[in-house]
Structure formats: C-alpha cells, structure tokens
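Understanding the architecture of this molecule
Single-letter residue listing:
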Amino acid sequence: VINFYAGPAGLPLPALERAQEELLDFAGTGMSVMEVSHRSKEYDAVHEEAIALTKELMGLPSNYKVLLLQGGAHLSFGMIPLNLLRNDKKADYIVTGNWAEKATKEAKLVAGDRVRVAASTKEQKFSRLPHADEIKVGPDSAFVHFTSNNTVEGTQWHEFPKVGHVPYICDMSSDFMWRPFDVSPFGLIYGGAQKNLGPSGVTLTIIREDFLEMCEAQDLPSYLRYKIHAEKNSLYNTPPTFGIYILRNVLAYNKSIGGLKAIEASNKKKAELLYGCVDKHSGFYKGFVTEKAHRSVMNVDFFLPTPELDDQFVKEAKKAGMVGLKGYRDIGGIRVSTYNAVTVDHVKTLVDFMEQFVKTNG
Ligand code: PLP
C-alpha cells in the first residue's frame, strides 16, 4: 500500500528490508538486535552510527550533542521547562497548533506564568502562522519555543520565526530532517522518530552545549535530566535498541540517496504536485491553510465539498491502495502526510486519483 498516515508513518523500504535480512542474525551474533545487550560491541556500533549519521546529515557543529531518549515529544514538553526554566527563568512560546498548545500547557504546569505566549493563531483556528509583527518576545527570555511543522493543521515555518537573538527550542517531530538548515540559532531540537525517522519509542534530541550547561537542576529524577543522558551518551538506562537500530538504517539510507538536499528536492516536488492539484480544482478541493507561504510540505490538509464526499474519497483511495488519508478528528476533511519515505511516484498516483475523483464527482 501507499502509506499517507500522519504517524507512525511509512519508512523507506530499503531500511526495512535491511532489518528483515538481519532480523534473526544481527552482526553475526546469531540473535536479533533486540536480543543483544545494549552494552555489547555489536549494539554499540549501531548506537554510535545513529549518532554520527545524525551529526553528518544535519551538519551539526561540534558544540551540539545528540541524545537518543524515550517518552516521545510529550516527555520533552515537560523535561524542557524542568531543566531549562529554573531560577525564575522565563520563556516565550509560539502557539500555532494543537501540539504547540500542548507544549505550552505542559510548560505552564512546571513554570506557571514564567511561560508566556509570544503569539497565537488560535483565533484563526491555526489556519496560518503568526506574522513577524504579531510575535512578542521579552528581552529576558531564555528561549523561544515553536513547532516547526504543525502536523494537524498543515502549516510549516519555511523561514523560522523572527525573534531577535533569543535561542530557539523547537519541536521538529513532524519535519525532522526534511531539508538542510542552519542549526546555530537552536539551543535544543526534539521530536519523536515515528514520522520522518523511524519507529515510535525513540525521541531524537539535539542540544547545544550552553543549553546543557543551563540544566543545573540536581533535584530531578535522573531520567529527566538532559545532563545525565549527555554524560552517559544516551546509555544511562537501557535505550530503545531496536528503534535506534531502525533509525540507523533509515539514516544510512538517507545518506545513500544524497542526504538532506536530495530529500528536500523530493519533498518540494511532492508538495508542488499536491498543492498544484488542489489549486487547479479550487472549486472542489479547498485547502485548510489560508496563506500559501505557510503551507506544509509534510501534511497537506484539504476539504471536499461535503463530509460525505470526504468519506467517499478516503474509501475509494483505500480500494486503490492508498491509506491514511482521513483528516484529524478536530478538523475533518483529508490530510495527506507526505513524510520523507513517501516518494514522488506515490504522490503522482494520488494526484491521478484526485483528478479522476473530480471528474466523476465534481
Ligand atoms: N509534536 C508534534 C508536532 C507531533 O506531530 C506529535 C505527534 O503527532 C507530537 C508532538 C506528540 O508526539 P509523541 O506522541 O511522540 O509524544
């Protein structure tokens, strides 16, 4: 099938085939990778390679540490303020969607009013991003938190928000490694692997050394302390070894096809095809996002003229081998998730189907 699910999502076939081949005999051990010790040299090679490939693909400078954690973005929503908003520190959160709102709520549970809302587009039902003049960041802000891609609403920051020299913390759960970018303004980047990078259970976290130094709290449970994970190279406890192994396979595959530049070109082509079809038939397909510059390359939301037609579209697409197209429950309509593993040919198949669907039902 062609997998358009929003997450967990499809993975590149060669990365899964590699896992299939090695499933019962990993690195000559006569066991599956999920059966060997996380302290073994065979697993250690995978662990180190996953970290090295993340650094290489993203072009991370040497003052960034890569952490392989658990708990998804949800645990990070809490770990960030617990570690980084001590001693009366304040931060500004940009609220652009369902997940950004959740991140802000969780941070407020920890740091109360010291977590401020720099901007919100909730009144517009998160159908666009805030403009530069709508974003208010305090001069005393330790960081600005934002969500680079709003998975539910289908908006994405193609140019990151303008916030002066305040460092960013970013939830990249749904667009991690979709293109190359300059990480230097980022103090911390986090995201669950289960959309662009691998299976659920691994939370990829990238933290700059000065942010690591800010994590001075000694009174947190050990698992919640970024510093301990950094000191132990993400082997403080048993890491999600199978998930990290698949992550390694995906990253190695990404490197083999030309890295993030090649992935960006493919993602842009897919978005051009899909939005091209939506715009061509704008009397039939109506996009959710109100400003074209804010449209996501990863999640494309649109409506058909009636909810009945939305349902029919999803059903017929499934019959044609395409799954995961039903929109998020709060928004409805159709959501096409076109993460890295979705190919240009997959999207061409969907666009042909969309063309045919208008002809028959328009
Ligand atoms: N943030 C974003 C942007 C997401 O898309 C999601 C999940 O869909 C989450 C956070 C929640 O992630 P998790 O379930 O890994 O905690």
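Provided above is the structure to which this section pertains.
Residues numbered from 1 in each chain as written. Predicted model: local features only at pLDDT ≥ 70, side-chain atom pairs only at ≥ 80, totals over all residues.

1. A closer look at the packing of helix H8 (residues 259-280) against helix H10 (residues 344-361)
Helix packing for two helices is described by the angle between their axes and how far apart those axes are. Rules: Where helices are involved, their axes are fitted lines through C-alpha atoms of the stretch in contact, as for all axes, and angles between N-to-C directions lie from 0 to 180°. For helices the rule is a DSSP run of H or I covering at least 4 residues; for strands it is a run of E covering at least 2, with both sets numbered from the N terminus onward. Relative orientations are named as follows: roughly parallel for angles under 35 degrees, roughly antiparallel for angles over 145 degrees, roughly perpendicular for angles from 65 to 115 degrees, and oblique for any other angle. Here, residues touch in the contact sense if the C-beta positions derived from the backbone fall within 7 Å of one another. The residue classification treats Ala, Val, Leu, Ile, Met, Phe, Trp, Tyr, Cys and Pro as nonpolar and Asp, Glu, Lys and Arg as charged. All others, Gly included, are polar.
At a minimum axis distance of 9 Å, the contact between H8 and H10 shows a crossing angle of 0°. If you check the angle between H8 and H10, you find them roughly parallel. Taken together, the residues of H10 that come into contact with H8 (itself represented by Ser266, Lys269, Lys270, Leu273, Leu274 and Cys277) are Val344, Val347, Lys348, Val351, Met354 and Glu355. Class assignment for the residues of the contact of H8 with H10 results in 7 nonpolar, 1 polar and 4 charged.

2. Quick notes on unusual backbone geometry
Put simply, the test is: Neighbour counting defines burial: a residue surrounded by 20 or more other C-beta atoms within 10 Å of its own C-beta is buried, one with 12 or fewer is exposed, and intermediate counts give partly exposed, using backbone-placed C-beta atoms.
Along the chain, Gly7 connects to Pro8 via a cis peptide bond; the corresponding omega equals -5°. Take Pro8: it is sitting in the loop between strand E1 (2-3) and helix H1 (13-22). Positive phi, close to 60°, is recorded for Phe126, a residue that is not glycine. Here Phe126 shows up in the loop between strand E4 (115-120) and strand E5 (141-147). Accessibility expressed as a C-beta count within 10 Å gives 24 for Phe126, which makes it buried. Positive phi values are uncommon outside glycine, yet Asn233 reaches one of about 55°. Here Asn233 lies in the loop between helix H6 (226-231) and helix H7 (241-256). The exposure class assigned to Asn233 is partly exposed, which follows from the 16 C-beta atoms found within 10 Å.

3. So, the sheet that holds strand E10 (residues 203-208)
The criterion, for reference: In this scheme, strands are said to pair when DSSP sees at least two bridges between them.
If you walk across this open sheet you meet the 7 strands as E2-E10-E9-E8-E5-E3-E4, and the pairing is mixed. Two strands bound the open sheet, and with one partner strand each, they are strand E2 (64-69) and E4. Averaged over all adjacent pairs, the angle separating strand axes in this sheet is 20°, with direction ignored. Where E5 meets strand E8 (residues 168-171), 4 bridges bridge the pair, whose relative direction is parallel. For Thr147, the partnering residue across the bridge sits in E8 and is Asp171.

4. Observations concerning the sheet that holds strand E11 (residues 286-287)
Taking strand neighbours across the sheet as the criterion, the 3 strands line up as E11-E12-E14 in an open arrangement whose pairing is antiparallel. Since the sheet does not close on itself, it has two edges, and those belong to E11 and strand E14 (334-337), each with one partner. Pairing between E11 and strand E12 (residues 299-303): 2 bridges, direction antiparallel. Each bridged residue has a counterpart across the sheet, and for Lys286 the counterpart in E12 is Phe303.

5. Some remarks on the environment of Pro221
Locating Pro221 in the fold gives a position in the loop between helix H5 (209-214) and H6. Residue classification places Pro221 among the exposed positions, given that 8 C-beta atoms sit within 10 Å. Spatially, the C-alpha atom of Pro221 lies 50 Å from that of Ala320, the residues being 99 residues apart in sequence.

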